[in-house]
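Observations on the model geometry
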Amino acid sequence: MGSVTSSRSAALFGARDAVGAAGVAMAATFLAFGAAVREAGLPPGWALVACWAIYGMPGQLVLVQAASTGFVGGIAPAVMGAIAVNARFLPMAIAITPLFGVHERKRLIPAIPFIAVTPWAAAMRAFPEIAASVRLSWFLGFGLTSWVVAGLAALAGFYVAGMLDDHARAALLFVNPLYYALLLAADVNKPAPRRAILCGAAAAGLTFILPASMGLLAAGIIGGTAAFLWGRKRGSR
Amino acid sequence: MEAADIALALTALACLMLRSAGVWLAGGLGSDHPVIAWATAIAQATLAAFVMLAIIAPTGALADVPLAARLFGLGVGVAVCLAFGRNLLPALLVGLVAMLALRAVMKF
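Residues numbered from 1 in each chain as written. Chains lettered and ligands numbered in written order. Predicted model: local features only at pLDDT ≥ 70, side-chain atom pairs only at ≥ 80, totals over all residues.

Focus on the overall build of chain A
The secondary structure content of chain A amounts to 11 helices and 0 strands. When the helices and strands of chain A are placed in sequence order, the string is α-α-α-α-α-α-α-α-α-α-α. In terms of overall dimensions, chain A is globule-like: its C-alpha atoms have a radius of gyration of 18 Å, near the 18 Å expected for 237 residues. Taking the principal axes of the C-alpha coordinates as reference, chain A spans close to 50 × 45 × 35 Å. A total of 237 residues make up chain A; the buried ones form 57% of that total. (Helix = DSSP H or I, 4+ residues; strand = E, 2+ residues; numbered from the N terminus. Rg over C-alpha atoms; globule rule 2.2 N^0.38 Å. Buried ≥ 20, exposed ≤ 12 C-beta atoms within 10 Å, placed from the backbone.)

Regarding the overall build of chain B
In terms of regular secondary structure, chain B is built from 4 helices and 0 strands. The order of α-helices and β-strands along chain B, N terminus first, is α-α-α-α. Against the compact-globule benchmark of 13 Å for 108 residues, chain B has a radius of gyration of 20 Å, which places it well outside the compact range. If you line up chain B on its principal axes, its C-alpha atoms span 55 × 45 × 20 Å. Each of the 108 residues in chain B was classed as buried or not, and the buried ones make up 47%.

With respect to the nonpolar core
The biggest cluster of nonpolar side chains holds 137 residues, and the ones touching the most others in it are Leu182(A) and Ala49(B). For this core, the element with the highest residue contribution is helix α2 (residues 34-56) of chain B, accounting for 17 residues. Ala49(B) has contacts with Gly200(A), Ala201(A), Ala203(A), Ala204(A), Leu216(A), Ala219(A), Gly220(A) and Gly223(A), leaving out every residue within four places of it along the chain. (Core = buried A, V, L, I, M, F, W, Y, C linked by C-beta atoms within 7 Å. Contact = placed C-beta atoms within 7 Å.)

Details of the interface of chain A and chain B
Taken residue by residue, the interface counts 76 residues in chain A and 66 residues in chain B. Counting residues per element, the side of chain A that touches chain B draws most heavily on helix α9 (residues 166-186) of chain A, at 16 residues. Tallied by class, the residues present in the side of chain A that touches chain B amount to 60 nonpolar, 11 polar and 5 charged. (Nonpolar A, V, L, I, M, F, W, Y, C, P; charged D, E, K, R; others polar.)

A word on the environment of Arg88(A)
Residue placement: Arg88(A) occurs in the loop between α5 (75-85) and α6 (89-96). The spacing of Arg88(A) and Ala116(A) is 28 residues in sequence and 8.4 Å in space, taken between C-alpha atoms. Ignoring sequence-local partners within four residues, the contact set of Arg88(A) consists of Gly220(A), Ala43(B) and Thr46(B).

Some thoughts on α6(A)
Extensive coverage of α6(A) is indicated by the burial of 8 of its 8 residues. Taken residue by residue, α6(A) has Phe89(A), Leu90(A), Pro91(A), Met92(A), Ala93(A), Ile94(A), Ala95(A) and Ile96(A) as its buried positions. Looking at the buried residues of α6(A), the elements they touch are α7 (117-126) of chain A together with α1 (3-26) and α2 of chain B.

Here's the deal with the packing of helix α3 (residues 44-54) of chain A against α1(B)
Contact pair α3(A) / α1(B): the axes reach a minimum separation of 9 Å and the direction vectors enclose 15°. With respect to α1(B), the element α3(A) is oriented roughly parallel. When you trace α3(A) past α1(B), the crossing you get is left-handed. Note on element contacts: α1(B) touches α3(A) through Ala4(B), Leu8(B), Thr11(B), Ala12(B) and Cys15(B), opposite Trp46(A), Val49(A), Ala50(A), Ala53(A) and Ile54(A). Its residues assigned to classes, the contact of α3(A) with α1(B) comprises 9 nonpolar, 1 polar and no charged. (Axes fitted to C-alpha atoms, helices over the stretch in contact; angles between N-to-C directions. Parallel < 35°, antiparallel > 145°, perpendicular 65-115°, else oblique. Left-handed = near helix turned anticlockwise from the far one by under 90°.)

So, unusual backbone geometry
All names here are of chain A. For Tyr55, which is not glycine, the phi dihedral falls at a positive 55°. Tracing the sequence through the fold places Tyr55 in the loop between α3 and α4 (57-68). Taking the number of C-beta atoms within 10 Å as the measure of exposure, Tyr55 has 27 and is therefore buried. The residue Phe71 is not glycine, and still its phi comes out positive at about 55°. Mapped onto the fold, Phe71 is located in the loop between α4 and α5. According to the C-beta neighbour criterion, Phe71 is partly exposed, with 19 such atoms within 10 Å.

Some details on α1(B)
Over its 24 residues, α1(B) runs 35 Å from end to end, which matches the ideal 34 Å to within 8%, given 1.5 Å per residue. Buried within α1(B) we find Ala4(B), Ala7(B), Leu8(B), Thr11(B), Ala12(B), Ala14(B), Cys15(B), Leu18(B), Arg19(B), Gly22(B), Val23(B) and Ala26(B). Turning to α1(B), the residues buried within the fold contact α3, α4, α5 and α6 of chain A together with α2 of chain B. (Expected span 1.5 Å × (residues − 1).)

A closer look at the packing of α7(A) against α9(A)
Residue and element names in this part refer to chain A. One way to put it is that α7 packs onto α9 with a least axis distance of 10 Å and a crossing angle of 20°. By the angle class used here, α7 and α9 are roughly parallel. When you trace α7 past α9, the crossing you get is left-handed. Here Val117, Ala121 and Arg125 of α7 lie close against α9, whose contacting residues are Tyr180, Leu183 and Ala186. Residues belonging to the contact of α7 with α9 are distributed by class as follows: 5 nonpolar, no polar and 1 charged.

Thoughts on the environment of Arg38(A)
Residues and elements named next belong to chain A. Within the fold, Arg38 resides in helix α2 (residues 21-39). Along the primary structure Arg38 and Ser68 are separated by 30 residues, whereas in three dimensions their C-alpha atoms are 9.6 Å apart. When residues no more than four places from it in sequence are discounted, the contact partners of Arg38 are Phe158 and Ala161.

Read these as spatial facts, not as claims about activity.
The following block contains the structure:
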């Protein structure tokens, strides 16, 4: 990949990478999401817009759950909950921006909607092998392909909802955390990610004592900060 | 406009703002800046916490799968990933099959 210097080739490589393990994980998760949207009584267009406009599964699921109860608690708490569980977009955007090697922020506007867990994690893994000048193209190729996969899978899930029993849905829902676990495991030989993984996993227990919508965010901030300080103390990143 | 549509529009707007704010904040920083290292650690820790919760204490249909089967699938998947050059797709499929196999065995 380091030899890829044209934007077109990099975008194609990104698209190719997006239909591998990432595509399988994405399709499985969004298939289950589409089925959940139908069961909540929402239309297929809503599923598609949620996939493409939010593009963050935990937040999408918070809204579907609220819709399935008719928003009995009101719209505001549901929206706040969805934003809180997707708040990781902020540190992810901060972390990935310098890696694009782009000095003009305006050039990154097309990439903004694609900053989500799957493209972010894949990019953090792939970028060291990609020339800085074409990383943005790779990311756009990956992100756009993931978007299409997610949307089509959600629509497919909506229309096959009745055919998915709990066992099938459980299998689909297992693919997503497994994929993320593999992405993390692939980085475990590097000190900084290893510290973040250990601290994040340890901080996950906070979600049992905090409100559900805030627990994951708190675990990430506390675990990540602990990992960062640990790294500073050891004098390496 | 239905409540679900309003909630969707507001959430989508907020998510776009979060992403844009991150890009804007980091725009002037180098990749070796401590803020970038901190943000990266938070993002990775959040992902690790998400995985931990999804495997140990999931909600929904996945909660019906025995913990042992979830852990077995995870362990096998990670082992295959590390043993075979960090190739994710085979590891993903083997891990999924391992989880399903143990779940099926535990039912008998």
